[in-house]
Amino acid sequence: MASETDGIKFEQRHGKTRVRVGRVWKRSDGSHSFVEWSVSVSLLSDCLPAYFNGDNSHIVATDTMKNTVYVKAKECSEQISMEDFAIGLGKHFTTFYQQVTASIIKIVEKPWERMVIDGQPHKHGFKLGSEKHTTEVIVKKSGALRVTSGIEGLALLKTTKSGFEGFIRDKYTILPETRERMLATEVTASWMYSLESVSSVPSKPFYFSERFLDVKKVLVDTFFGPPKEGVYSPSVQRTLYEMAEAVLGRFPDVSSMQLKMPNIHFLPVNLSNKENVIVQFKDDVYLPTDEPHGTIEASLSRIRSKM
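Digging into the overall build of the protein chain
Helix and strand counts for the protein chain come out as 5 helices and 16 strands. Compactness check: the protein chain gives a C-alpha radius of gyration of 24 Å against a globular reference of 19 Å for 307 residues, more than 25% above the reference. If you line up the protein chain on its principal axes, its C-alpha atoms span 80 × 65 × 50 Å. The proportion of buried residues among the 307 residues of the protein chain is 37%. Taking the intrachain contacts of the protein chain between residues at least 6 apart in sequence as the baseline, contacts between residues at least 24 apart amount to 64%. For the protein chain, the accessible surface area stands at approximately 18400 Å², while carbon and sulfur atoms represent 53% of it.

Observations regarding the pattern of salt bridges
When their charged atoms lie close together, side chains carrying opposite charge are able to pair. The full count for this structure, using the stated rule, is 14 salt bridges. E113 serves as the salt-bridge partner of K127, at 2.9 Å between the closest nitrogen and oxygen. Taken as a pair, K127 in strand 7 (residues 120-128) and E113 in strand 6 (residues 112-117) lie far apart in primary sequence, 14 residues in all. One salt bridge connects D221 with K217, and the closest N-O pair in it is separated by 2.6 Å. Taken together, the residues D221 and K217, both in helix 4 (residues 207-224) and 4 residues apart, mark about one turn of the helix. The exposure class of D221 is partly exposed, given its relative accessible area of 38%. Note on K217: relative accessible area 53%, which makes it exposed. Each of K106, E136 and R146 takes part in a single network of salt bridges with overlapping partners.

Focus: the sheet that holds strand 8 (residues 132-140)
One open sheet accounts for 8 strands, arranged 3-4-5-8-9-10-11-16; its pairing is antiparallel. Only two strands of the sheet have a single partner each, and these edge strands are strand 3 (14-26) and strand 16 (297-301). Between one strand and the next, the sheet's axes are offset by a mean angle of 15 degrees, whatever the strand orientation. In the sheet, strand 5 (residues 100-109) pairs with strand 8 via 8 bridges, with the strands oriented antiparallel. By the bridge assignment for strand 8, I107 is matched with T135. Helix-sheet contacts for helix 4 involve strand 8, strand 9 (145-158), strand 10 (183-193) and strand 11 (254-260), and the interaxial angle to strand 9 is about 35 degrees. Contacting strand 10, strand 11 and strand 16, helix 5 (residues 236-250) runs over the sheet at an angle of about 155 degrees to strand 11.

Rules used in this analysis
- Residues numbered from 1 in each chain as written.
- Predicted model: local features only at pLDDT ≥ 70, side-chain atom pairs only at ≥ 80, totals over all residues.
- Heavy atoms only, no water.
- Helix = DSSP H or I, 4+ residues; strand = E, 2+ residues; numbered from the N terminus.
- Rg over C-alpha atoms; globule rule 2.2 N^0.38 Å.
- Buried < 20%, exposed > 50% of the residue type's maximum accessible area, 1.4 Å probe, protein only.
- Contact = heavy atoms within 4.5 Å.
- Areas by Shrake-Rupley, 256 points an atom, 1.4 Å probe, with all protein chains shown as cover.
- Salt bridge = Lys/Arg side-chain N within 4 Å of Asp/Glu carboxyl O.
- Pairing = 2+ DSSP bridges.
- Axes fitted to C-alpha atoms, helices over the stretch in contact; angles between N-to-C directions.

Below, the structure written as structure tokens:
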């Protein structure tokens, strides 16, 4: 919420962050489903007197926001995607409180996965996976909506079919050109849905959860290529573009795609002294490094045609 007075522009919002909630859904057949969410709520509201005059009469307490998260989680009698939960939570704040003009809900889902024992899914056992599912939902009092989902910590590596050639060389360049190297990255991806209002949200159960899995599969499949022959990557930049392009080409309900892909280096090891090379490992023994690493990021968006 913004205000201009005496030549000064003042903007403010307030909220509660990292509200951790675990939710179990128990079914009649004895099977359970489980999610763990870290929820952050931020409200844009007409509460300027609190800042200007110390009048808190229009403030929604952040403790109330925290409690609301738990109450709304309890009200979900059936399992729900975190995007749908965020939309419902945002809608509550913008309709229940007259002074709230917009709500921003961010959720990170901890990657608990169902255990499989002797080939059978366990009814109530879970293990912690790797990459996280994220979302940011903005709901306005008018019903306008913006939903962005994403992945954090998607670690991918291939041991061949990668190179880097033809880049600028100057007096500071010592990196050799190659058509044979390892390619490793930890993908952070986010995509925006082409939804413009709360009323346009698909009623299909688990629509967002299924789309998350679909997008992740396209990203992974594009990175690696076919299982037997793979696909050559001339640079992280090209692979990133192909991954984003594949998502937009596959899913018309995704309006934009953003990817961050650090180039995590595995350096070939050779042992030598001043006289000669003691052991040359021929690109089969590597030194894994965390830093420094290259940073590559880009976004692709659909261009709306002008009427």
